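# Coordinate inspection notes
In case you want the letters, here they are:
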Amino acid sequence: MNTPRPLCLRVNRTTYQLDAEVDPDTPLLYVLRNDLACNGPKYGCGLGQCGACTVLVDGVAARSCVIPVKAVAQRAITTLDGLATGGQPDPVQQAFIDEQAAQCGYCLNGMIMTAKALLAENPDPSEAQIREALRFNLCRCGTHVEILRAVQRAAVLLRQAAGQDGAA
Amino acid sequence: MSGRDDLVMAPASPGAWQPPPEREWLAGHVIRPPVLAWQTGTLLSARLIGCDETAARALPGVATVLRRGDFLGIAADTAPQALQAAHALRARWQAPPKAAASGLPLARRIVAEHGDAAQAMADAAGRSAQDYPWPLAGLQAAGCSAMAEWRDGALRVWLPSRRPGALRAELAALLGIGEDRITLICWQAPGHDEDPLYAHHAAADAALLAHSAGRVVRVRVEAHELGATQAVVNTHIESAWTRDGEIAAYAVNTAVDARGSAAVMHAPPLALWLTRTTAPVTEIEPQASAGGDTRDDAILPPYRFDSLSVTQADLPGQPRVESTPAQAARAHVFAHESHLDEVAAASAQDPVALRLRHLDDTRGAGLVRRVAAQANWQPRGERPQAQQNVRRGRGFAYASTIEAGLADGGQPVHSWSAWVAEVEVDATTGEVSVTGVTLGHDSDAGEQGGVDAVALQQEAARAAQQLTVDGSRSDSWPAANLPAVHDASLPALATAQLPEVRVGGALRPASATLGTSAAVTLPAAPAVANAIFDATGVRLREPPFSGERIRLALAAQANPESTPKRGAARKRNWLLAGATAAAGLFVTAMPWRAPIAPVAPPGAGFYSAATIERGRLVAAAGDCAVCHTAPNGARNAGGLALDTPFGTIYSTNITPDVETGIGNWSYAAFERAMRQGIHRDGRHLYPAFPYTAFAKTSDGDLQALYAYLMAAEPVRAKAPETALAFPYNLRPLMAGWNLLFHSPKPFEADPARSAQWNRGAYLAEGLGHCSACHSPRNALGAEQGGRRYLGGGEAEGWEAPALGKLSHAPVPWTEQALFSYLRTGYAPHHGAAAGPMAPVIEELALLPEEDVRAIAHYVASFGDAQPDAALASAQARQLEQRSADAARTLGGPAARLYQNACAVCHQSDQGIRQFGIKPSLALNTNLHGDKPDNLIRVLLDGIPTPGTSDLGYMPAFGESLDDRQLTQLVHYLRKRFAPDKPAWDNVDDTLARLRAAPAHRPNHQPNH
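Chains are numbered independently. Their residues run from 1 in the order of the written sequence. Note on labels: chains are lettered from A, ligands numbered from 1, in written order. Confidence filtering applies because this is a predicted model: local features only for residues at pLDDT of at least 70, side-chain atom pairs given and counted only at 80 or more, and all residues used for totals across whole chains, interfaces and linings. Remark: hydrogens and water are excluded; side-chain values derive from all non-hydrogen atoms of the structure.

## Let's talk about the overall build of chain A
Looking only at helices and strands, one finds 5 helices and 5 strands in chain A. Segments assigned H or I by DSSP are reported as helices when at least four residues long, segments assigned E as strands when at least two residues long, and all are numbered from the N terminus. Mapped from its N terminus to its C terminus, chain A presents α and β elements in the order β-β-α-β-β-β-α-α-α-α. For the exposure calls, accessible area comes from a 1.4 Å probe over protein chains only, and a residue counts as buried if that area is under 20% of its type's maximum, exposed if over 50%, partly exposed in between. In chain A, buried positions account for 48% of the 168 residues. Two residues qualify as a contact provided that any one of their heavy atoms is within 4.5 Å of a heavy atom in the partner residue. Put simply, 60% of the contacts in chain A that link residues at least 6 apart link residues at least 24 apart. Just so you have it, chain A exposes about 8100 Å², and 49% of that area is on carbon and sulfur atoms. Surface accessibility follows the Shrake-Rupley procedure with a 1.4 Å probe radius. Residue values consider only the protein chains on display as shielding.

Laid out in structure tokens, this is it:
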């Protein structure tokens, strides 16, 4: 008895049943990348410090490298891989493309997901608020200014999209 | 019934107007301005400057956060969630303009005066002077809850008041909708912890939040949070009687201080003020037409006295006592009728005869005689020596009032009522039950209308019963309440038996309105108080007549020398035991105990589901699975390694497996283990198994626990043998230890404390075994009591912080904070549960909320006086500010470490919201304590299993930071978050020690 029940994970609107061997204490990031082939989130520091592994858990930014998979079994997980709809990039992704906000791109998963979480709560952030939101996403590259512009542009795109939806 | 067809007086039409089922309700919580005062009908309150709505919205379960003007409210799935969100809001307020000085002089007016009172007093054979305070705000609960539902553009409001007044118009203005879209359902609250005087405040709050959430929201307001001060009618009566027992002089002086509360009762709902909605000019319905109150002429005693003086004191500029006439009449009738009873007792007369002696009013006297005859009233001689536990008594009271004629004819209506109440008092608990009432009522109102005798009887029964209800809402001690979930919903129907009500004498309507009941029940309080005196000799001059007060009075009677002192007796016993033990430790001890024969395990289905369910709760309260489950092992199959100063002890398998578990244990063997710490085979168990605490468990709980454990799935798993070093491996030595340190006595309630406190004590001292970790142990591993009780201890290499007065918490714990911590694993002013406390939180989540509240109440009683919530918040803010200031002057590598490794999850003012909470380190007890142990432990190992996954996880830094970095970080954290405390001087040693003793990892994998 008491054989651990296999965990179910709801990732990007799809429910996955994990193998029974998966240790419930395994970091969510490992399961996402190794078992579910969601390679949007990146392994950076493994200590929840750099933000490269950011995903959304019930819409809230979460550092998947330090959250055991058992903690999120009943929650909705969204990764970068799940942002696009109908083959079209999410407005936040589109804004990052438009502003050419990548250098090496390793941090971008975290930047985009954090921006996504920010804009869900604050559709019209000031530049200072964007800087504050991204301050714990560490990056060594040269595109900080582009990233800031991308988030501002994303805010505009999202508002436009919302306006169209409302009109339709 | 009202003339309006959309004002429904439930339960007149049951069913259709029932509120939605409980699972659909959201818990509403309104954050009140910290300063709130009423002055001449106007509200002076602090202004809301700002708050963090985003943080509150982000929390789980939060349905809406509403800010309008100075109104700030939250609706969430559960009350704790709402509370948590309220903390997250961090509302900032600006003090209001200073209120004008209110030290106004008393104006005294003479209501009646004749005869020469001074002379009569001087000549008297006996005299008496007493005060009879009557709380105006209501007896049970100075608070009220209401519900509102917003659906399809329409508002439905349930409120426990029959006097909605202008509420409909006020709600319409508040929400900006038409009055036709509002349905008020005047819900007759079952139970008695609702005070309808505040119903409109609760209703408006609920309406606002329901409108915002588009759901059903329930809000409870307490009188104090509305700025109502406890209002009291104080009646002072002096009397003098002659040698033959005739009352010669009678002087009454009554004063009322109702400044805050009267304003709150009659003001438009607080929500209107706070949202700065212009209140519609609507008259409050005339009170008598809705409630049938009597004018306050009850201040005049209905008796003839040769000399009489009645004066009334008013504070100018505030509502006079007329604004609450029904309550004032009750206060005065209570004072007169109690006083007459006292005079009768003092002058050795029959109370009914004394009244008749002074009653000139033939109609009233007739009623008194009829009721006394119907009740078979006998003049009582000597009170029989109280031998039995149950004491019975009877009390008489009479009222005669003239109700102002607001009814159709406009004629004042004179009415008379008389009561004989019969009570039973349990001398042990002080509990009073009103077993019977004989009442009569007469009035000179017309014959029209008729009286619903049954409804009236119910009303009278309820009025009588209400007087004796304890303030505490805890369940009966110590029987664990069965699974029936009893949470903060509408109060359950009062389960106690209503007294039998007989009608003696006439029963006539006082008026065409609902007023009869108010007049009929006027003598209720004094009749019950007089009956309690008759039964016990205890005179209660202030309602409510709670069991606690009677118990204390009885205790004082029995032992006038000393009021009971906690712990004194216990200490004596302990000294005695110590002396005996020293004299002959191994002579008196019984080192060898007989085995109890194995039995076949009870078959499946042997125990009822209810018993097993109760046992499940007992197991949860006792945290059995916390120690008896190895990491990733089968539940209760044992094998967890417990580090003690004496060596490693492995927990045993307590599943009903015959070979490796307790499958062949009879109940007798189980009980002996739980109460005395003896294994079935006669071996002594080590006190790492807290039988010292479990011994206090009640029989019923222990039997249920046995049933639960035996009904579980057996798991075959042999736990590792415990092998301590010499001499601790000699288990028989435990017999001496037990003699010294263990008292296998069941729990005894402290009669000086409330039922809730005792329930909490039962759970905390017994099953919950809080002190097993939170009390220090002596060199022999025994818990220390007395002042050191809950003074901090150790658990699995963690420091279990001191509770109560010795706590290091920078913000003092409040009962509410303890409850939040125990219920959710998190208290915003303190932090999150981690280490060995995390699984305790998991187990506590299985207990009914009332039990967790009781534990919080009990633990809080060991602390200093409770700071109020506003003060605690202010302290918390101050601490946060202080650490922010300290941060500016600190720098270096440790500051960067903090900013990189910690800040993302611990600085709630920085970055974006993250999964889990962001516990403030400035408020964390571990940073303010004397030892760095827990801080280092948590840095090394992280928090891999918090109490609930909502709290979030902390990674372990033991592998990624080296000793130098960790040491720097620890010193930095201390300097930044506890700048008033000296630096820890043993960080290096502690770090080395804790690194060498890593946290528990699975050492036993079940092979099945």
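## What about the packing of aromatic side chains?
All names here are of chain B. Between the rings of Phe, Tyr and Trp (Trp by its six-membered ring), a pair exists once the centres lie within 6.5 Å; its type follows the angle of the planes, with under 30 degrees stacked, over 60 edge-to-face, and the other angles tilted. A complete count under the given rule lists 19 aromatic pairs over all chains for this structure. Judged by centre distance (6.2 Å) and plane angle (40°), the rings of Phe 689 and Tyr 691 are tilted. Between the aromatic rings of Phe 689 and Phe 694, the centroid separation amounts to 5.5 Å while the plane-to-plane angle is 65°, which identifies the pairing as edge-to-face. Under the relative-accessibility criterion, Phe 694 is labelled buried at 6%. Following the ring pairs from residue to residue traces out a cluster consisting of Tyr 250, Tyr 303, Phe 305 and Tyr 398. Its guanidinium or amino end placed over the ring of Phe 533, Arg 539 lies 4.2 Å from that ring's centre, counting from NZ or CZ. Note on geometry: a ring has a charge over it if NZ (lysine) or CZ (arginine) is within 6 Å of the ring centre and within 35 degrees of the ring normal. Geometry around Trp 757 places Arg 753 over its ring, the cationic atom sitting 4.4 Å from the centre.

## Remarks on the interface of chain A and chain B
In this complex, chain A contributes 26 residues to the contact, which on the side of chain B involves 29 residues. Values labelled buried area give the accessible surface lost by two parts on being combined, using a 1.4 Å probe and summing over both. Summing both sides of the interface, chain A and chain B together bury roughly 2400 Å²; the carbon and sulfur share of this comes to 60%. The term salt bridge refers to a side-chain nitrogen of Lys or Arg lying within 4 Å of a carboxyl oxygen of Asp or Glu. Scanning the region where chain A abuts chain B turns up 2 salt bridges. With a shortest N-O distance of 2.8 Å, Arg 75 of chain A and Asp 950 of chain B are connected by a salt bridge. Only β4 (60–63), α3 (108–121) and α4 (127–134) of chain A provide two or more residues apiece to the side of chain A that touches chain B.

## A short note on the sheet that holds strand β1 (residues 8–11) of chain A
Residues and elements named next belong to chain A. The pairing criterion is simple: DSSP has to find at least two bridges between the two strands. If you walk across this open sheet you meet the 5 strands as β2-β1-β5-β3-β4, and the pairing is mixed. The outermost strands of the open sheet, each flanked by one partner alone, are β2 (14–17) and β4. Each neighbouring strand pair of the sheet contributes to a mean axis angle of 40°, computed without reference to strand direction. Alignment of β1 against β2, held across 4 bridges, turns out to be antiparallel. By the bridge assignment for β2, Arg 10 is matched with Thr 15. Lines fitted to C-alpha atoms define the axes, with helix axes restricted to the stretch in contact, and inter-axis angles between N-to-C directions lie between 0 and 180 degrees. Each of β1, β3 (54–57) and β5 (76–78) is contacted by helix α1 (residues 28–35), which is oriented at about 75° to β1, the strand it contacts most.

## Here's the deal with the environment of Arg 57 of chain B
Residues and elements named next belong to chain B. Structurally, the position occupied by Arg 57 is in helix α1 (residues 53–58). As for Arg 57 and Ala 75, which are separated by 18 residues in sequence, their C-alpha atoms are 10.0 Å apart. Once you skip the residues sitting within four places of it in the chain, Arg 57 turns out to touch Val 62 and Val 65.

## Here's the deal with the confidence of the model for chain B
Residue and element names in this part refer to chain B. The quantity called pLDDT is the predictor's confidence in a given residue, expressed from 0 to 100. Per-residue confidence for chain B averages 76 on the pLDDT scale, and 75% of its residues sit at or above 70. The lowest-confidence element of chain B is helix α8 (residues 287–291), averaging 33 in pLDDT; the highest-confidence one is helix α33 (residues 963–977), averaging 94. Counted against residues more than four places away or in other chains, residues 100–105, with its pLDDT under 50, gives 7 contacts. Residue range residues 316–323 is modelled with pLDDT below 50. Its contacts to residues more than four positions away, or to other chains, number 19 contacts. Model confidence for the complex is summarised by a pTM of 0.51, with the ipTM given as 0.89.

## Remarks on the side chain of Asp 534 of chain B
On the secondary structure map, Asp 534 of chain B appears in helix α14 (residues 524–536). A polar side-chain atom of Asp 534 of chain B sits 2.8 Å from the main-chain amide nitrogen of Arg 394 of chain B. By the criterion applied in these results, polar contacts are pairs of N or O atoms within 3.5 Å in which, for protein atoms, one can donate a hydrogen and the other can accept it, and in which residues neighboring in sequence qualify only through two side-chain atoms.

## Focus: the packing of helix α2 (residues 91–98) of chain A against α3 of chain A
Residue and element names in this part refer to chain A. Viewed as axis vectors pointing N to C, α2 and α3 meet at an angle of 130°, and their least axial separation amounts to 10 Å. Overall, the two elements α2 and α3 adopt an arrangement that is oblique. In the crossing of α2 with α3, the sense of the turn from one axis to the other is right-handed. When α2 is examined against α3, the residues Val 92, Gln 93 and Phe 96 are found in contact with a partner set consisting of Leu 108, Met 111, Ile 112, Ala 115, Lys 116 and Leu 119. Roughly parallel means an angle under 35 degrees; roughly antiparallel, over 145; roughly perpendicular, 65 to 115; everything else is oblique. For any pair of crossing helices, the crossing counts as left-handed if the nearer helix is rotated counterclockwise from the farther one by less than a right angle, and right-handed if it is rotated clockwise.

## Considerations on the side chain of Ser 883 of chain B
Residue and element names in this part refer to chain B. Within the secondary structure layout, Ser 883 lies in helix α29 (residues 869–889). What makes Ser 883 buried here is its relative accessible area of 4%. Once you skip the residues sitting within four places of it in the chain, Ser 883 turns out to touch Ala 922, Arg 976 and Phe 977.

## What to know about the environment of Asp 70 of chain B
All names here are of chain B. With respect to the helices, strands and loops of the structure, Asp 70 is situated in the loop between β6 (62–68) and β7 (71–76). Counting along the chain gives 205 residues from Asp 70 to Thr 275, while the straight-line C-alpha distance between them is 5.7 Å. Ignoring anything within four residues of it in the chain, the contact list for Asp 70 reads Ser 45, Ala 46, Arg 47, Leu 48, Trp 93, Leu 274 and Arg 276. At a separation of 3.1 Å, a polar atom in the side chain of Asp 70 contacts the side chain of Arg 47. Separated by 2.9 Å, the side chain of Asp 70 and the backbone nitrogen of Leu 48 make a polar contact.

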